[in-house]
Protein chains: 2
Amino acid sequence: MKIILADSAGFCFGVKRATQLAFKAAEENCPICSLGPIIHSPQVVEKLENKGVKVVERVEDIEAGMVVIRSHGITAGELADIHARNLTPVDATCPFVKKAQDYAALLCAEGYSVVLVGEKDHPEVQGIISYTRGAEVAVVADREEAQRLPNKTKIGIVAQTTQSFENLRQVTGVCLDKSKEVRVFNTICDATSVRQAEARKIAQQADLMLVVGGFNSANTTRLAHICRELQPRTYHIETAAQIDLLWFADAKTVGITAGASTPRWIIDEVVKRVASFEN
Amino acid sequence: MKIILADSAGFCFGVKRATQLAFKAAEENCPICSLGPIIHSPQVVEKLENKGVKVVERVEDIEAGMVVIRSHGITAGELADIHARNLTPVDATCPFVKKAQDYAALLCAEGYSVVLVGEKDHPEVQGIISYTRGAEVAVVADREEAQRLPNKTKIGIVAQTTQSFENLRQVTGVCLDKSKEVRVFNTICDATSVRQAEARKIAQQADLMLVVGGFNSANTTRLAHICRELQPRTYHIETAAQIDLLWFADAKTVGITAGASTPRWIIDEVVKRVASFEN
């Protein structure tokens, strides 16, 4: 039996970096917490808690020590509060999110009406908006919402890093109809689309596909859906323990991929378990 | 019989302005010529020639006096030559074309790779390119040509003023895939689309449609084609003399429009001729 493990399986660059920074900070001899769970993985959050990293929801609840800022960033107000309380920030904001924050600020400073393509209530979006220093930012989910925007002298566009490129393209097309000048910073990180493209390729070669990640993880569920369209023998699992030997009847090639919040050790356990069936 | 004359029939803003400037300059007691025919209307060119405005093709052929720069502009090199030869320019460049020249220059100065949506050999396009002071400008006719462009750090887009908005939107969509930053100045003048939209509206109400303009005028031919799709009784004519009374059998409503290079007096003669059939 041949196993094809996707290069893009698991943590994206930003999540990996944030997790590493949190584990490293946890080694210091200092009180430490993270503002919200560091990533959407209970296993990782639990490991960090065992090393003393408490999860808190509000800056006001922190008395002293280090505060890990998670990968999708925080608002400018929260950052100011961290400094005001003499806490030490461990900035694990994804560098791609930081770019989106910086470009939104730049567009505001240069007089553009800013359009942010994304989900209104997402913490990343709330963070990006906060860096425009009170300027009005229109958050639009898609082309239809963009069509309701008023005309403006000049429009500047940024996107939540996890948006689809096609959505950004469509919103840009609508904004072109609403302003004589449109300036777009494509702040989308392609980790999601790269992972999906690789999963498609593997699903076409494999007799059986395993997609590893939380059942409540939107990106993992989407990944499993994409694979199932090409290979009906696709199984979405959270851990190696859920694998059933019966699935593997006549399987010559097994493909494995994982969502963005699935830690490496869970993927390794899955690979090990599948490899054990070869004997 | 009811006559509906399109508000947008005939000269656009830029052509009207250029013609007025040329006729006004012709009143000065000074040698005068135009660099190329002032507009694509033999009748207007003939009238100006009768007032002493010679058509010349190259700056080198002009000895002294005033030079009328036509609505779609000239190159920076030609303008420099005009000054070097101590000639007096009468700048009838359309203000919308001038904006496209200025924005192309601004984009180059700010380090953008400039993409110009338009026809490579058109004098307006050649003029716009010349104002980027030697920077490389990629002229693309459509989405397919844009797809062949290499990736760039940042792309700036301007359009030939007579391009369709949909074409600009499509090229912008392709460029978004080739650069992390895309800045678009929509330099399209909507005179053409407004004229076409009004012609469509009138053609739907009229029993007969007259489209006035040179048989060699691309925009008039296109206008006649659009009207014919909605009203098969559409006639493309150059002058009132070509109108045939037989066309008007049972016509209760006659629609009239004209291309961008059709002078007012020709339109007036057509209206007068049609009105005479009412008796």
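Please read all numbers here as calculations on a predicted model, not as lab measurements.

A. Layout of the overall build of chain A. Scanning chain A from terminus to terminus reveals 10 helices and 12 strands. By its C-alpha atoms, chain A is 65 × 55 × 20 Å across when sized along the principal axes. By residue count, 49% of the 279 residues in chain A fall in the buried class. When contacts within chain A are restricted to residue pairs at least 6 apart in sequence, those whose partners lie at least 24 apart make up 71%. Looking at chain A as shown, the accessible area adds up to about 13400 Å², and 50% of this sits on carbon and sulfur atoms. Of the charged side chains in chain A, 32 are positive and 34 negative; the average position of the first set lies 4 Å away from that of the second.

B. Local environment of the pattern of salt bridges. Residue and element names in this part refer to chain A. Scanning the entire structure with this criterion turns up 16 salt bridges over all chains. The residue Arg-58 makes a salt bridge to Asp-61 at a minimum N-O spacing of 3.3 Å. Among the residues examined, Arg-58 registers a relative accessible area of 45% and is labelled partly exposed. Overall, the relative accessible area of 40% leaves Asp-61 in the partly exposed class.

C. How the structure looks around the pairing of strand E4 (residues 66–69) of chain A. Residues and elements named next belong to chain A. Residue alternation in E4 divides its side chains into two sets, Met-66 and Val-68 and Val-67 and Ile-69, and both sets are buried. Pairing of strand E2 (residues 32–35) with E4 involves 3 bridges; the strand directions are parallel. Its bridge partner lying in E4, Ser-34 is registered against Val-68. With 4 bridges joining them, E4 and strand E5 (residues 88–91) adopt parallel strand pairing. Bridge pairing links Ile-69 to Asp-91 in E5.

D. Just the interface of chain B and chain A, in detail. Contacts between the two partners involve 18 residues from chain B, matched on the other side by 18 residues from chain A. Summed over both sides, the interface of chain B with chain A buries roughly 1500 Å², with 51% coming from carbon and sulfur. Measuring nitrogen to oxygen at the nearest pair gives 2.7 Å for the salt bridge that ties Arg183(A) to Glu181(B). Counting across the chain B and chain A interface gives 12 residue pairs in polar contact (both at pLDDT 80 or more). Secondary structure elements with two or more residues in the side of chain B that touches chain A: helix H7 (165–175) and strand E9 (181–185) of chain B. With 6 residues, H7(B) is the largest single contributor of residues to the side of chain B that touches chain A. Looking at the side of chain B that touches chain A residue by residue, the classes come out as 9 nonpolar, 4 polar and 5 charged. In the sheet, strand E9 (residues 181–185) of chain A pairs with E9(B) via 5 bridges, with the strands oriented antiparallel. Looking across to E9(B), one finds that Val182(A) is bridged to Val184(B).

Cut-offs used in this document
Residues numbered from 1 in each chain as written. Chains lettered and ligands numbered in written order. Predicted model: local features only at pLDDT ≥ 70, side-chain atom pairs only at ≥ 80, totals over all residues. Heavy atoms only, no water. Helix = DSSP H or I, 4+ residues; strand = E, 2+ residues; numbered from the N terminus. Buried < 20%, exposed > 50% of the residue type's maximum accessible area, 1.4 Å probe, protein only. Contact = heavy atoms within 4.5 Å. Areas by Shrake-Rupley, 256 points an atom, 1.4 Å probe, with all protein chains shown as cover. Lys, Arg positive; Asp, Glu negative; His and termini not counted. Charge placed at Lys NZ, Arg CZ, Asp CG, Glu CD. Salt bridge = Lys/Arg side-chain N within 4 Å of Asp/Glu carboxyl O. Pairing = 2+ DSSP bridges. Buried area = accessible area lost by both parts, 1.4 Å probe. Polar contact = N/O pair within 3.5 Å; in protein donor to acceptor, adjacent residues only side chain to side chain. Nonpolar A, V, L, I, M, F, W, Y, C, P; charged D, E, K, R; others polar.

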